[in-house]
Amino acid sequence: MPTIIALCSYLAPLLHPTRAAFMCAITITLFTLAANDVLKRVLQAALWLTLGVSVYERGGLIMKELFTDEGYHQRDGYSYLFQEGSEVLWNIFLLLEDFVCVIAWMYYSRSFFRRPEVTGSQYHQPFADWMRRWVIDDVANYFSFRIIAEPKAKNFLGKAKKKKHILLLHPHGIFPGTAMWAPHTTEWMNKIGSATTVTTHAASILFNGPFQRDLIMGLGGRVVTRTSIVRSLDEGNCAVIVPGGQAEMILSHRSNTEMHLVTHHVGFIRLAITERAPLVPTISFNEANKLDNIHCHSIQKAFLKRVGFGFPVLPHGRWYLPIPINQPITLVIGDPIPPPPYDGNGERGDVELEELVRAMKDLYFKKLRELFEKHKAECGYPEMKLFYHDK
């Protein structure tokens, strides 16, 4: 409901260009800077200041029209309000518009401080069901989406409501949208199960934009941080992670013969061991072929190292637009891999933990390659080869 109110308050100012321009500026600022609490407080203060200025300006004009001799002459009482050419009603409308817009935005902006992208408090099952019925299944049909599950992976989320796992999707591609919509498809419900809640963990920048963040969180999306993932696992959920990240996005390119994966990210393995959560290897065949990017690896790696983002990014697909190509996507889900026993406290530098991480990393990527080789022909890529990239 707060999202709907704020969205209406954003559309209403289109009747008045000045207010519309201001609200657009607020939206863009929130999108780019909302990660900083101080800046969010400044934005809230700016909204209150705008409301105060509007009350002073509009209220002054209304008072002048109604209660001064200059504004009251040649009128028959307050009937002037309804005469052609009167600006009183228009100023009253603009003042009410400012009140509604600012107060709605202030009400909406509270969600940025409660960190629902960490807690998952904005996940709404009826909304997810509605999206599956009217949107997500159509997306799945667009990609001719299907799931191939290994014996132990079949319906592994349909037997108990709380069954924590970490499901790892490879490759990252340009934009790994499959990780977000696939767990909400009818295909997933039929083959993997829906008793356990699935939370997809995405980059923090996706939760800075108003309305976009609400769509993601309404489907169970959360930010990809240790705190958020641990909280989800403690709730008995299945956490979906795309471990390749930006480093893998830079390596991504459209190909029917090659798949490139980054293997030096091991935080998810350490997390699986300390949280006692089995790892579920998952390969999305054709994920990297939905969209392509411009390729200037040296520049993109330099930006990734300095600012954490592989700039420049120019995704393109169908008709050279950022529209995914509708080639079939097949999700292959392997058997869960249980973590080794560990009784430590999980601190970095723990020799025992680091040895277990190295051993489980080798086991995991060995199982992932076996899964790839077993199903690549069935998925339509018999000549494809898998390449691992370590530091």
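Look above for the structure.
My aim in this report is to walk through the structure given alongside it, one point at a time. (Residues numbered from 1 in each chain as written. Predicted model: local features only at pLDDT ≥ 70, side-chain atom pairs only at ≥ 80, totals over all residues. Heavy atoms only, no water.)

## Notes on the overall build of the protein chain
Step number 1: Counting its regular elements, the protein chain contains 16 helices and nine strands.
Step number 2: Within the protein chain, buried positions represent 48% of all 391 residues.
Step number 3: A separation threshold of at least 6 residues defines the contact pool for the protein chain, and within that pool the share at least 24 residues apart is 78%.
Step number 4: Here the protein chain displays about 19900 Å² of accessible surface, and carbon together with sulfur accounts for 61% of that area. (Helix = DSSP H or I, 4+ residues; strand = E, 2+ residues; numbered from the N terminus. Buried < 20%, exposed > 50% of the residue type's maximum accessible area, 1.4 Å probe, protein only. Contact = heavy atoms within 4.5 Å. Areas by Shrake-Rupley, 256 points an atom, 1.4 Å probe, with all protein chains shown as cover.)

## Details of the pairing of strand β8 (residues 330-333)
Here is the key point about a regular strand: its side chains alternate between the two faces of the sheet.
Step number 1: The two faces of β8 match: T330 and V332 on one face and L331 and I333 on the other face are all buried.
Step number 2: Two elements, strand β1 (residues 146-149) and β8, share four bridges in a ladder whose sense is parallel. Following the sheet pairing, A149 is matched in β8 by I333.
Step number 3: Pairing geometry for strand β7 (residues 279-285) and β8, over four bridges, is antiparallel. Residue pairing in the sheet places I283 in a bridge with V332 of β8. (Pairing = 2+ DSSP bridges.)

## Re the environment of E378
Step number 1: Tracing the sequence through the fold places E378 in the loop between α16 (351-375) and β9 (385-389).
Step number 2: For E378, a relative accessible area of 45% translates into the label partly exposed.
Step number 3: When the C-alpha atoms of E378 and I148 are compared, they prove to be 9.5 Å apart, with 230 residues separating the residues in sequence.
Step number 4: With residues near it in sequence (within four places) discarded, E378 still touches R146 and I148.

## Considering helix α8 (residues 125-142)
Residues spaced three or four apart along an α-helix point in a common direction, a consequence of the helix completing one turn every 3.6 residues.
Step number 1: With 18 residues, α8 extends 24 Å from end C-alpha to end C-alpha; this agrees with the ideal 26 Å at 1.5 Å per step.
Step number 2: Listing the buried residues of α8 in full gives A128, M131, R132, I136, D137 and A140.
Step number 3: The first or second residue beyond α8 is S144, which carries a positive phi of 50 degrees. (Expected span 1.5 Å × (residues − 1).)

## Thoughts on the packing of aromatic side chains
The description of an aromatic ring pair uses the distance of the two centres, along with the angle that the planes make with each other.
Step number 1: The tally for this structure, following the rule as stated, stands at eight aromatic pairs.
Step number 2: Measuring from ring centre to ring centre gives 5.9 Å for F143 and W181, while their planes differ by 10 degrees; the resulting arrangement is stacked. You can see F143 sitting in the loop between α8 and β1 and its partner W181 sitting in helix α9 (residues 178-181), a full 38 residues away along the chain. The two residues F143 and W181 agree in class, both being buried.
Step number 3: Ring centres of Y364 and F365 lie 5.2 Å apart, and the angle between their planes is 85 degrees; on these two criteria the pair is classed as edge-to-face.
Step number 4: Taking the relative accessible area as the measure of exposure, Y364 reaches 1% and is therefore buried.
Step number 5: Each member of the aromatic cluster is reached from another via a ring pair, and the members are Y142, F143, F145 and W181.
Step number 6: Lying over the aromatic face of F143, K290 brings its terminal NZ or CZ to 5.8 Å of the ring centre.
Step number 7: Positioned above the aromatic ring of Y388, the side-chain terminus of R369 is 4.6 Å from the ring centre. (Phe/Tyr/Trp six-rings, centres within 6.5 Å; stacked < 30°, edge-to-face > 60°. Lys NZ or Arg CZ within 6 Å of the ring centre and 35° of its normal.)

## Digging into unusual backbone geometry
Step number 1: With omega at -10 degrees, the peptide bond leading from H170 into P171 counts as cis.
Step number 2: Topologically, P171 is positioned in the loop between β2 (165-170) and α9.
Step number 3: Its identity as a non-glycine residue notwithstanding, S144 has a phi of 50 degrees, on the positive side.
Step number 4: In this structure, Y320 takes a positive phi of about 60 degrees despite not being glycine.
Step number 5: When its relative accessible area of 73% is taken as the criterion, Y320 is described as exposed.

## Describing the packing of helix α12 (residues 226-234) against helix α14 (residues 267-275)
How two helices sit against one another is set out by the angle between their axes and by the gap between those axes.
Step number 1: In the contact formed by α12 and α14, the axes pass within 12 Å of each other and the chain directions differ by 35 degrees. Crossing of α12 over α14 shows right-handed handedness. Side by side, α12 and α14 meet where R226, I229, V230, L233 and D234 of the first sit next to L271, T274 and E275 of the second.
Step number 2: Here the contact of α12 with α14 is composed, by residue class, of four nonpolar, one polar and three charged. (Axes fitted to C-alpha atoms, helices over the stretch in contact; angles between N-to-C directions. Left-handed = near helix turned anticlockwise from the far one by under 90°. Nonpolar A, V, L, I, M, F, W, Y, C, P; charged D, E, K, R; others polar.)

## Focus: the packing of α14 against α16
Step number 1: At their nearest, the axes of α14 and α16 sit 9 Å apart, and the two run at 115 degrees to each other. By the criterion of interaxial angle, the relationship of α14 to α16 is roughly perpendicular. Both α14 and α16 take part in a crossing whose hand is right-handed. Facing F268, I269, R270, I273 and T274 of α14, the residues of α16 in contact are L353, E354, L356, V357, M360, K361, Y364 and F365.
Step number 2: Its residues assigned to classes, the contact of α14 with α16 comprises nine nonpolar, one polar and three charged. (Parallel < 35°, antiparallel > 145°, perpendicular 65-115°, else oblique.)

## Observations regarding the sheet that holds β1
Step number 1: Strand order in the open sheet made by the seven strands is β1-β8-β7-β2-β5-β3-β4, with mixed pairing throughout. Two strands close off the open sheet at either side, each with one partner strand: β1 and β4 (222-223).
Step number 2: Docked against the sheet, α14 engages β2 and β7, running at close to 165 degrees with respect to β2.
Step number 3: Contacts from α16 reach β1, β2, β7 and β8 within the one sheet, and its direction differs from that of β7 by about 40 degrees.

## Brief notes about a nonpolar patch on the surface
Step number 1: Judged by side-chain polarity, W48, V55, F99, V100 and I103 come together as a nonpolar surface patch covering roughly 450 Å² of accessible area.
Step number 2: Every element with two or more residues in the nonpolar patch is listed here: α3 (37-67) and α5 (88-109).
Step number 3: In terms of residues, the nonpolar patch owes the most to one element, α5, which gives three residues.
Step number 4: With respect to the helices, strands and loops of the structure, V55 is situated in helix α3.
Step number 5: Judged by its relative accessible area of 33%, V55 falls in the partly exposed class. (Patch = residues over 30% accessible without salt bridge, like charges linked within 9 Å, V, L, I, M, F, W, Y side chains within 5 Å. Salt bridge = Lys/Arg side-chain N within 4 Å of Asp/Glu carboxyl O.)

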